[in-house]
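Chain by chain, the residues run as shown.
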Amino acid sequence: MSFLEIKNLNKSFRGKQILKDLSLEISTGDINVIFGRNGSGKSTFLKLIYGTIIPDSIEVRIDGELIKDNNVILDNRIGYLPQNNFLPKNLKVSEIILMYFSDANKQDRVFYAPRINCIQNRKIGHLSMGERRYLEIILLGNLNHKFLLLDEPFSMVEPLFVEIIKDFLNTLKDTKGIILTDHYYQDAMEIADKIFLIKDGAKIKINEKNDLINHGYLIA
Amino acid sequence: MLKVIFKYFLDVNLFNFIYSFVLGILFFNYIYIPFIFSTIGTFFGILSFKYFYSNEYYFYHNLGFTELRLNMTVLFFNVFISIFVFAIYYLVK
């Protein structure tokens, strides 16, 4: 089992502090869901951990080992699904699978994942938003990262794919820890082990749907 | 992984080649095209990729490639290509 610790995370934009001294600990086997209203800093939180936005301060440790200079990308133990599509549009699905995985078993696992055979000869630019999202999650999930940061994995995905993605994320729990943000709260809550809400820059523990109502994320 | 780096190399140099060719013809001399290719052409090629395809960096990040590492690789190969082209040119000349 591996542990990811995030401590002392602070970020300000133009003098306004949007994330205040946040900390989070997750282990492989956990799906942590983070909710928050638009602009609350959910995506920023994930980008700060991943290192693509520079924080005011942050401490990221995996299994107690500090990741120096927040060089999470180079360390390659954390994967990140951004909010917008990141796959090159001029490549075919099969080409990307072969580029991403040199190991034949991994390639097979992706090629034989549900619904991939229907799209494997199509270019990324010709896939629907939902198909792209699904492919991105399947690709990321099969890489060797111990932890995944998923920014809105259910966004623009048709219900059938949502169910497949939820099943897939549940199978990933055996080997990975996941931090997930999404506005599709019912789907996210179904697979969550721990739930948090980011409000006014602080992290609030959520135990049930009513807590989301009480904190103003949902209406009663 | 080489294929992945090569993809970035091609994408950046598609812009780079256009800029180098146009600049070489317009302002300098075609002999200087390799020099432009390995200097300001590379710089503007990277900037163009960042402008048009910034989200595709995550394609590389998830495999452990930082922007710095990708850009240094492109720069290294472009300098090598330029020196090679200059060498061939002077040998033939």
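Residues numbered from 1 in each chain as written. Chains lettered and ligands numbered in written order. Predicted model: local features only at pLDDT ≥ 70, side-chain atom pairs only at ≥ 80, totals over all residues. Heavy atoms only, no water.

Undergrad: Any details on the nonpolar core? Residues and values, ideally.
TA: The biggest cluster of nonpolar side chains holds 92 residues, and the ones touching the most others in it are F45, I78, L169, I179 and L180 of chain A. L180 of chain A has contacts with I31, N32, V33, I34, L150, P153, F154, L169, A188 and I191 of chain A, leaving out every residue within four places of it along the chain. (Core = buried A, V, L, I, M, F, W, Y, C linked by side-chain atoms within 4.5 Å. Buried < 20%, exposed > 50% of the residue type's maximum accessible area, 1.4 Å probe, protein only. Contact = heavy atoms within 4.5 Å.)

Undergrad: Can you explain the sheet that holds strand β4 (residues 57-62) of chain A? Please cite residues and give values.
TA: All names here are of chain A. Read from one edge of the open sheet, four strands run β2-β1-β4-β5, paired in antiparallel fashion. Each end of this open sheet is capped by a strand with a single partner; those strands are β2 (16-27) and β5 (65-66). Each of β1 (3-13), β2 and β4 is contacted by helix α1 (residues 42-50), which is oriented at about 115° to β1, the strand it contacts most. (Pairing = 2+ DSSP bridges. Helix = DSSP H or I, 4+ residues; strand = E, 2+ residues; numbered from the N terminus. Axes fitted to C-alpha atoms, helices over the stretch in contact; angles between N-to-C directions.)

Undergrad: Just give me the short version of the layout of surface pockets, but keep the residues and values in it.
TA: Taken as a whole, the largest pocket encloses approximately 420 Å³ of empty space. Only α1 and α2 (72-75) of chain A together with α4 (57-61) and α5 (67-92) of chain B provide two or more residues apiece to the lining of the largest pocket. Sort the elements by how many residues they give to the lining of the largest pocket and α4 of chain B lands first, with three residues. For the lining of the largest pocket, the class distribution of residues is ten nonpolar, eight polar and four charged. (1 Å grid on protein atoms, 1.4 Å probe; cavity = no way out; pocket = protein on both sides within 12 Å on 5 of 7 lines; lining within 4 Å. Points joined across faces, edges and corners; volume = space filled by probe spheres on them. Nonpolar A, V, L, I, M, F, W, Y, C, P; charged D, E, K, R; others polar.)

Undergrad: I'd like a description of helix α4 (residues 104-111) of chain A, backed by residues and values.
TA: All names here are of chain A. When α4 is considered as a whole, its buried residues turn out to be K106, Q107, V110 and F111. Within α4, the buried residues cover an arc of 135° as seen down the axis, which keeps them to one side. Residues of α4 that are exposed and point more than 90 degrees away from the buried face comprise N105 and R109. If you follow the buried residues of α4, they end up packed against α3 (93-100), α5 (116-119) and α6 (129-142). (Arc of directions from axis to C-beta.)

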